[in-house]
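Single-letter residue listing:
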Amino acid sequence: MSDLFKSKATKAMLIVLLGLFSAQGAEEKRMEKKYRELTSEEARVILKKGTEAPFTGKYEKTKEPGVYTCRQCGAALYRAEDKFIAHCGWPAFDDEIPGAVRRNVDADGSRTEILCASCGGHLGHVFKGEELTKKNVRHCVNSISMDFVAEKNLDIPFKRAVFAGGCFWGVEYYLQKAKGVIQAVSGYTGGTVENPTYEEVCRKKTGHVEAVEVLYDPQQTNFETLARLFFEIHDPTQANGQGPDLGEQYLSVLFYKNPEEKAVAEKLIGLLKEKGLQVVTRVEPTKTFWKAESRHQDYYFVTGKQPYCHRPEKRF
Ligand SMILES: [Zn+2]
């Protein structure tokens, strides 16, 4: 076993990565870059290949054990043990997590740009031969292109929750923007047919509802926060569908994985009923979630359209 796989932090990080990227094709990877909204300054550096001012980034001098991840897509890029203080004004690493960083030699051959291999986000530049460390390499990375996950937090796995509230394009659009949501995937659940197609679900013979599976970081959010949001991004009182989309596949269902989540769902419905809302949302145990076709993923982000089917409304 290589040194890499002996590291507990690296193993945990790989588990996180597997959760994020398992069974996903290149197209989905490309789309994932839409998952995290960037501030204008982040976009200037990550998308437009800008550079943050030296000695201003928050990771320039950090030493805590852990993993540095891509600000845009969440992929693990560098281990803290490969970080060193280069006194250049930016975080410096003399090694990368294998396969995490792509190189792109500038047109004139003078500098080598480094990019996140998963999403193509700009990280900085890499230099050789400066004799600053034994490996003789310096990845000069903008702090703003990265996030940091402390080693003590790496063993806390991400969690999943599934919500059905009408057309999955809109539900995905709003859940994906929520704090702590790593990714939101459109799909089908609750029916009887394995791996159904959109056309089969639309023919209403499979018993599935359109649903969204959310992968979230339990250190930043929780089931109740997401469930509250779910009730505020769709109309839980509409019994025949959602908005203009009518029929069984558009019904409101909150899925639970354990008695605690069931209790949360029932509590929230109780709160809404106390406010006079005739909530029709069903509370059901989680069943197999089938990912929908690529064309349904990130629909509004890819098309640049606005959701027609969902309008957020404060209800709690
Ligand atoms: Zn990335």
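Predicted model only: the values in this text are computed from it and were never measured. (Residues numbered from 1 in each chain as written. Predicted model: local features only at pLDDT ≥ 70, side-chain atom pairs only at ≥ 80, totals over all residues.)

A word on helix H9 (residues 259-274)
So, step 1. When the terminal C-alpha atoms of H9 are compared, their 22 Å separation across 16 residues agrees well with the 22 Å that a helix rising 1.5 Å per residue should span.
So, step 2. Along H9, the positions that sit buried rather than exposed are Glu 261, Val 264, Ala 265, Leu 268, Ile 269 and Leu 272. With its buried residues spanning 130° around the axis, H9 presents them on a single face. More than 90 degrees from the buried face of H9, the exposed residues found are Pro 259, Glu 260, Lys 267, Gly 270, Lys 273 and Glu 274.
So, step 3. Each element contacted by the buried residues of H9 is listed here: helix H8 (223-233), strand E15 (252-256) and strand E16 (282-285). (Helix = DSSP H or I, 4+ residues; strand = E, 2+ residues; numbered from the N terminus. Expected span 1.5 Å × (residues − 1). Buried ≥ 20, exposed ≤ 12 C-beta atoms within 10 Å, placed from the backbone. Arc of directions from axis to C-beta. Contact = placed C-beta atoms within 7 Å.)

A word on helix H6 (residues 168-176)
So, step 1. H6 sits mainly inside the fold: nine of its nine residues count as buried.
So, step 2. Those residues of H6 that sit buried are Phe 168, Trp 169, Gly 170, Val 171, Glu 172, Tyr 173, Tyr 174, Leu 175 and Gln 176.
So, step 3. The inward-facing, buried residues of H6 abut strand E10 (159-165), strand E11 (181-189), strand E12 (209-216), H8 and helix H10 (299-303).

A closer look at the sheet that holds strand E5 (residues 101-105)
So, step 1. Spatial ordering of the open sheet is given by E3-E4-E8-E7-E6-E5, a layout of six strands whose pairing is antiparallel. Looking at the sheet topology across the chains shown, the edges are occupied by strand E3 (83-84) and E5.
So, step 2. In this sheet, strand E8 (residues 137-141) lies alongside strand E7 (residues 122-128) in antiparallel orientation, the contact comprising five bridges. Counted as the bridge partner of Lys 128 is Val 137 from E8. (Pairing = 2+ DSSP bridges.)

Looking at the pairing of E16
Side-chain direction in a regular strand flips from residue to residue, so the side chains alternate between the two faces of the sheet.
So, step 1. In this sheet, E16 lies alongside E15 in parallel orientation, the contact comprising four bridges. By the bridge assignment, Phe 255 is partnered in E16 with Glu 284.
So, step 2. Where the polypeptide runs from E15 across H9 and back to E16, its parallel neighbour, the crossover connection is right-handed. (Right-handed = clockwise from strand over helix to strand, strands pointing away.)

Some thoughts on unusual backbone geometry
So, step 1. Backbone geometry at Asn 195 places phi at a positive 45°, although glycine is not the residue there.
So, step 2. Mapped onto the elements of the fold, Asn 195 is located in the loop between E11 and helix H7 (198-202).
So, step 3. Although it is not a glycine, Lys 204 adopts a positive phi angle of roughly 65°.
So, step 4. Relative to the helices and strands, Lys 204 resides in the loop between H7 and E12.

Overview of the pairing of strand E6 (residues 112-116)
So, step 1. Across five bridges, E5 lies against E6 in antiparallel orientation. Looking at E6, one finds that Asn 104 is bridged to Glu 113.
So, step 2. In this structure, the hairpin formed by E5 and E6 is closed by a connection of six residues, where Gly 109 is found at a positive phi of approximately 75°.
So, step 3. By the bridge criterion, four bridges tie E6 to E7 in an arrangement that is antiparallel.

Description of the environment of Asn 104
So, step 1. Looking at the element boundaries, Asn 104 is found in strand E5.
So, step 2. Using a count of 15 C-beta atoms within 10 Å as the deciding quantity, one classes Asn 104 as partly exposed.
So, step 3. Contact partners of Asn 104, with chain neighbours within four places excluded, come to Thr 112, Glu 113 and Leu 115.

Notes on the packing of H8 against H9
So, step 1. Contact geometry of H8 with H9 gives a least axis separation of 10 Å together with a crossing angle of 40°. With respect to their mutual orientation, H8 and H9 come out oblique. Relative to H9, H8 is oriented so that their crossing is right-handed. On H9, the residues touching Phe 223, Glu 224, Ala 227, Arg 228 and Phe 231 of H8 are Glu 261, Val 264, Ala 265, Leu 268 and Leu 272. (Axes fitted to C-alpha atoms, helices over the stretch in contact; angles between N-to-C directions. Parallel < 35°, antiparallel > 145°, perpendicular 65-115°, else oblique. Left-handed = near helix turned anticlockwise from the far one by under 90°.)

Thoughts on the sheet that holds E15
So, step 1. Taken in spatial order, the six strands of this open sheet run E16-E15-E10-E12-E11-E17, and their pairing is mixed. One side of each edge strand has no neighbouring strand; the edge strands of this open sheet are E16 and strand E17 (289-291). The sheet shows a mean angle of 35° between the axes of neighbouring strands, taken without regard to direction.
So, step 2. With respect to the sheet, H6 is in contact with E10, E11 and E12, its orientation differing from that of E11 by roughly 165°.

Thoughts on the nonpolar core
So, step 1. The biggest cluster of nonpolar side chains holds 41 residues, and the ones touching the most others in it are Phe 163, Leu 175, Val 212, Leu 226 and Ala 227.
So, step 2. Within the residue set of this core, elements represented by two or more residues are E10, H6, E11, E12, H8, E15 and H9.
So, step 3. With seven residues, the single largest contributor to this core is H8.
So, step 4. Setting aside residues up to four positions removed in sequence, Val 212 forms contacts with Phe 163, Phe 168, Val 171, Glu 172, Leu 175, Ala 184, Val 185 and Ser 186.
So, step 5. Core analysis: the second largest hydrophobic core is formed by 26 residues, Ile 114, Cys 116, Val 126 and Val 149 among them. (Core = buried A, V, L, I, M, F, W, Y, C linked by C-beta atoms within 7 Å.)

Examining the environment of Ile 182
So, step 1. Within the secondary structure layout, Ile 182 lies in strand E11.
So, step 2. For the pair Ile 182 and Tyr 216, spaced 34 residues apart in sequence, the C-alpha to C-alpha distance is 5.2 Å.

Observations concerning the confidence of the model for the protein
So, step 1. Confidence in the prediction for the protein averages 87 pLDDT; 89% of positions are at 70 or higher.
So, step 2. Across residues 1-11, confidence stays below pLDDT 50; counting only partners more than four residues off in sequence or on other chains, it has 10 contacts.
So, step 3. Low pLDDT, under 50, characterises residues 17-33; the predicted model gives this stretch 23 contacts beyond four residues in sequence or across chains. (pLDDT = per-residue confidence, 0-100.)

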